[in-house]
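Spelled out from the first residue to the last, the chains are:
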Amino acid sequence: RSAAKSSSPNKWDPTVAGGQPHELSLFENLIKEASEEAGIPSEMSRQATSAGCLSQMTSRADGSCMKYSKYYVWDLDVAKEFRPYPQDGEVQVFEL
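This structure is a prediction, so every number in the text was calculated from the model and none was measured.

Participant: Summarise the overall build of the chain; cite the residues concerned and give the values.
Facilitator: If you tally the helices and strands in the chain, you get two helices and two strands. Helices and strands appear in the chain in the N-to-C order α-α-β-β. Split into buried and exposed, the 96 residues of the chain put 18% on the buried side. Counting only contacts in the chain whose residues sit at least 6 apart along the sequence, the fraction spanning at least 24 positions is 40%. Charged side chains in the chain number 10 positive and 14 negative. The centres of these two groups are separated by 6 Å.

Participant: A description of the environment of Ala17 should follow, citing residues and the corresponding values.
Facilitator: Here Ala17 shows up in the segment before helix H1 (26-38). Ala17 gets classed as partly exposed once you look at its relative accessible area, which sits at 28%. Along the primary structure Ala17 and Lys80 are separated by 63 residues, whereas in three dimensions their C-alpha atoms are 22 Å apart. With near-sequence residues (within four places) excluded, Ala17 lies in contact with Glu33 and Glu37.

Participant: I'd like to hear about the confidence of the model for the chain, residue by residue, with values.
Facilitator: Overall, the predicted model of the chain reaches an average pLDDT of 89, with 94% of residues at or above 70. Least confident of the elements in the chain is strand S2 (residues 67-75), whose mean pLDDT is 93; most confident is helix H2 (residues 42-45), at 96.

Participant: Can you lay out the pattern of salt bridges for me, pointing to particular residues and giving the numbers?
Facilitator: If you walk through the whole model with that rule in mind, you get two salt bridges. Where Lys32 meets Glu33, a salt bridge forms, and the shortest distance between an N and an O atom there is 3.0 Å. You can call Lys32 partly exposed: its relative accessible area is 29%. A cluster of three or more residues bridged by salt bridges with shared partners is formed by Lys32, Glu33 and Glu36.

Participant: Can you tell me about unusual backbone geometry, naming the residues and giving the values?
Facilitator: Trans peptide bonds make up most of the peptide bonds, and negative phi angles are found at most residues other than glycine. At Cys65, a position not held by glycine, the phi torsion is positive, near 55°. A residue is classified by how much of its surface remains accessible, and Cys65, at 48% relative accessible area, is partly exposed.

Participant: Now, about a nonpolar patch on the surface: what can you tell me, with residues and values included?
Facilitator: Together, Met57, Met66 and Tyr68 line one region of the surface with nonpolar side chains, adding up to about 370 Å² of accessible area. Inspection of the secondary structure assignment puts Met66 in the loop between strand S1 (49-58) and S2. Given the relative accessible area of 56%, Met66 is considered exposed.

Calculation notes
- Counting of residues starts from 1 at the beginning of each chain's written sequence and follows it residue by residue.
- Predicted model: local features are reported for residues with pLDDT of at least 70 only, side-chain atom pairs are reported and counted for 80 or more only, and whole-chain, interface and lining totals are derived from all residues.
- Think of the side-chain values as coming from all heavy atoms in the structure, minus any hydrogens and water.
- Secondary structure elements are taken from DSSP: a helix is a run of H or I of four residues or more, a strand is a run of E of two residues or more, and numbering for both begins at the N terminus.
- Note on exposure labels: buried denotes an accessible area under 20% of the residue type's maximum, exposed denotes more than 50%, and partly exposed covers the range between, all computed with a 1.4 Å probe on protein chains only.
- Contact criterion: two residues are considered in contact whenever any of their non-hydrogen atoms come within 4.5 Å of each other.
- Only four residue types enter the charge count: Lys and Arg as positive, Asp and Glu as negative, with His and the chain ends excluded.
- In this description, the location of a charge corresponds to atom NZ of lysine, CZ of arginine, CG of aspartate or CD of glutamate.
- Here pLDDT means the predictor's own confidence in every residue, given as a number from 0 to 100.
- The rule for a salt bridge is simple: a side-chain nitrogen of Lys or Arg has to be within 4 Å of a carboxyl oxygen of Asp or Glu.
- For patches, a residue must show more than 30% relative accessible area and have no salt bridge; joins then use 9 Å for like charges and 5 Å for nonpolar side chains, namely Val, Leu, Ile, Met, Phe, Trp and Tyr.
- Exposure was quantified through the Shrake-Rupley algorithm and a 1.4 Å probe, taking into account, for residues, occlusion by the shown protein chains and nothing else.

Given below as structure tokens:
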């Protein structure tokens, strides 16, 4: 994550992630976020396949501010030489 993020700056994060707008399908949002965050062309991200859903509950160390999150997981086979690259300032660097 970017050092400028308000929560968990400089921490590891998924390659592509984002909130789910009500007007987009899960797949449409994957394509949008893949392009915005990692420079993944839509022709490539359209090859992704759904791999499941994860749920997570987090809070502050004192137990306050409980937050429930749901993550839709996608698999995408890419060429060995493919490298994502930061696009929108939310990611500082990608490391594989």
